[in-house]
Amino acid sequence: MINRLVKAISEKKAPVVVGLDPMLDYIPEQIRKEAFDKYGETLEGAAEAVIMFNREIVDATAELIPAVKPQIAMYEQFGIPGIIAYKKTVDYCREKGLIVIADIKRGDIGSTSGAYAAGHLGRVQVGEKSYMPFDADMATVNPYLGTDGVKPFVDVCKSCDKGIFVLVKTSNPSSGEFQDRSFGEETLYEAVADQVNAWGADLMEGEYSNVGAVVGATYPEMGRELRARMPHAYILVPGYGVQGGTGKDLAGFFHKNGLGAIVNSSRGIIAAWKQEKYSSYGAANFGEASRKAVEDMLEDIRAAVY
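Reference entry: report on the structure contained in this document. Fair warning: this is a prediction, and the values are worked out from it, not measured in the lab. (Residues numbered from 1 in each chain as written. Predicted model: local features only at pLDDT ≥ 70, side-chain atom pairs only at ≥ 80, totals over all residues. Heavy atoms only, no water.)

Looking at the pairing of strand β12 (residues 233-237)
Filter applied, for reference: Each residue gets one of three labels from its accessible area relative to the maximum for its type: buried under 20%, exposed over 50%, partly exposed in between, using a 1.4 Å probe on protein chains only. Going along the chain from the N terminus, every DSSP run of H or I of four or more residues is numbered as a helix, and every run of E of two or more is numbered as a strand. One bridge is not enough; two strands pair if DSSP finds at least two bridges between them.
Extensive coverage of β12 is indicated by the burial of 5 of its 5 residues. In this sheet, β12 lies alongside strand β11 (residues 208-215) in parallel orientation, the contact comprising 3 bridges. Considered in β12, the bridge of Ser 209 is made with Ala 233. Bridge count between β12 and strand β13 (residues 261-265): 3 bridges; the pairing is parallel. In the strand pairing of β13, Ile 235 is matched with Ala 261.

Right, here's the structure in full:
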């Protein structure tokens with residue numbers, strides 16, 4: 001799987017991923033009205049608005065980007081209709097040739113973690129048939145429970161040619177409460193980074209492993225340090241744009257050939273039409289506003305890493 005991602009990034013010269021994290025107030029009034037006219041102001045109406053919104057964003061940006069990253073919580077908030085919207089979003093993005101990184105941050109023990117891995121990345125057996133329920137290409141994984149929680153995902157990556165990104169140093173302000181704590185001569189995030197190396201050793205595809213890492217753009221010095229510490233892990237970088245990360249902060253996350261990292265922007269892209277910078281597009285052209293925001297992001301990151 002990681003080779004597919006690297007190939008797509010290289011062909012488009014686009015080490016970016018668009019986070020499909022829709023909130024209802026990101027969705028223009030005309031989209032919500034059409035959905036509510038059909039289903040009412042219901043969970044089904046909200047889910048329909050999300051699907052319509054996502055499709056236009058994807059149609060406007062797919063040729064520029066290699067991947068998308070839907071955050072499942074933004075769909076779960078609408079209950080069962082939201083989960084259906086999530087699945088429809090995954091399927092639509094894959095039809096467009098995009099790699100789907102499921103931002104699920106799952107991690108448990110034993111059969112529970114195995115069920116998460118099977119449901120989101122792998123297969124489940126139903127009688128004599130097997131199914132790939134959500135069928136994302138890659139997923140984010142929380143390592144807090146240790147190898148017991150991660151190994152089922154690693155096993156599915158092996159059997160189904162999928163990939164994972166393990167949370168190492170996240171972009172949120174309070175991440176240091178635990179992740180920066182020292183024990184012995186290293187911090188918790190450094191210990192997790194070392195485990196990423198170990199978990200990924202048997203999942204190499206050329207230069208990179210199918211076990212990658214999440215490292216926030218808001219911590220560029222740590223990003224540089226972790227790039228060296230995890231030479232074969234592709235790094236998923238949240239925190240660009242609205243959270244404060246910029247292109248100039250990101251050079252240390254990449255290898256010198258411009259590979260090794262992929263940078264996420266969510267509301268900075270999908271809600272671009274609401275920003276003053278892109279206000280000229282208006283709600284009617286929100287997809288084009290998102291496309292322009294992607295183009296601006298690419299210009300910023302390319303200048304920093306190529």
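Remarks on the nonpolar core
Within soluble globular proteins, side chains that are nonpolar generally end up buried alongside one another. This is how the line gets drawn: Side-chain atoms within 4.5 Å are what join buried Ala, Val, Leu, Ile, Met, Phe, Trp, Tyr and Cys residues into a set we call a nonpolar core. Should any heavy atoms of two residues lie within 4.5 Å, those residues are considered in contact.
Counting residues in each nonpolar core, the largest one holds 85 residues, and the members touching the most others are Leu 20, Ile 164, Val 168, Val 196, Met 230, Leu 250 and Ile 301. Not counting residues within four places of it along the chain, the set of residues in contact with Met 230 comprises Val 168, Ala 193, Val 196, Asn 197, Ala 213 and Val 215. In this structure, Ile 2, Leu 5, Ala 67 and Leu 167 belong to the second largest nonpolar core, which totals 18 residues.

A short note on a nonpolar patch on the surface
As a reminder of what qualifies: Residues forming no salt bridge and having over 30% relative accessible area are the ones grouped into patches, like charges within 9 Å of each other and nonpolar side chains (Val, Leu, Ile, Met, Phe, Trp, Tyr) within 5 Å. Only the protein chains shown count as covering a residue, and every accessible area follows the Shrake-Rupley method with a 1.4 Å probe. Here a salt bridge means any side-chain nitrogen of Lys or Arg lying within 4 Å of a carboxyl oxygen belonging to Asp or Glu.
Taken together, Ile 109, Tyr 144 and Leu 145 make up a surface patch of nonpolar side chains, about 350 Å² in accessible area. Structurally, Leu 145 is set in the loop between β6 (138-141) and α7 (147-160). Owing to a relative accessible area of 37%, Leu 145 belongs among the partly exposed residues under this scheme.

Some thoughts on the packing of aromatic side chains
Stated formally: For Phe, Tyr and Trp, where Trp contributes only its six-membered ring, two rings pair if their centres lie within 6.5 Å, and the inter-plane angle classes them as stacked under 30 degrees, edge-to-face over 60, or tilted in between.
As enumerated under the stated definition, the model contains 4 aromatic pairs in all. Considering the side-chain rings of Tyr 86 and Phe 134, the 5.5 Å spacing of their centres and the 70° angle between planes classify their relative orientation as edge-to-face. Remark: Phe 134 occurs in the loop between β5 (129-131) and β6 and Tyr 86 occurs in helix α5 (residues 79-95); sequence separation between them is 48 residues. The pair Tyr 86 / Phe 134 is uniform in exposure class, with both members buried. Measuring from ring centre to ring centre gives 4.8 Å for Tyr 208 and Tyr 234, while their planes differ by 70°; the resulting arrangement is edge-to-face.

Here we look at the environment of Val 124
Looking at the element boundaries, Val 124 is found in strand β4 (residues 124-126). Each residue touching Val 124, except ones within four places of it in the same chain, is listed here: Ala 118, Lys 129, Ser 130, Tyr 131 and Pro 133.

So, α7
Formally: Here the expected length of a helix is defined as 1.5 Å per residue gap, with one fewer gap than residues.
Between the first and last C-alpha of α7 there are 19 Å, a value that for 14 residues agrees with the 20 Å anticipated at 1.5 Å per step. Buried residues of α7: Gly 149, Val 150, Pro 152, Phe 153, Val 154, Val 156, Cys 157 and Cys 160, and no others. In the segment just after α7, Asp 161 is the residue with positive phi, at about 55°.

What to know about the state of the cysteines
What counts here: Throughout, disulfides are identified as pairs of cysteine sulfur atoms within 2.5 Å of each other.
Under the definition given, this model contains 0 disulfides. No disulfide involves Cys 157; its sulfur sits 8.7 Å from the nearest other cysteine sulfur, which is in Cys 160. Cys 157 sits in the buried class, given a relative accessible area of 3%.

Take it as geometry only, folks, not as evidence of what the structure does.
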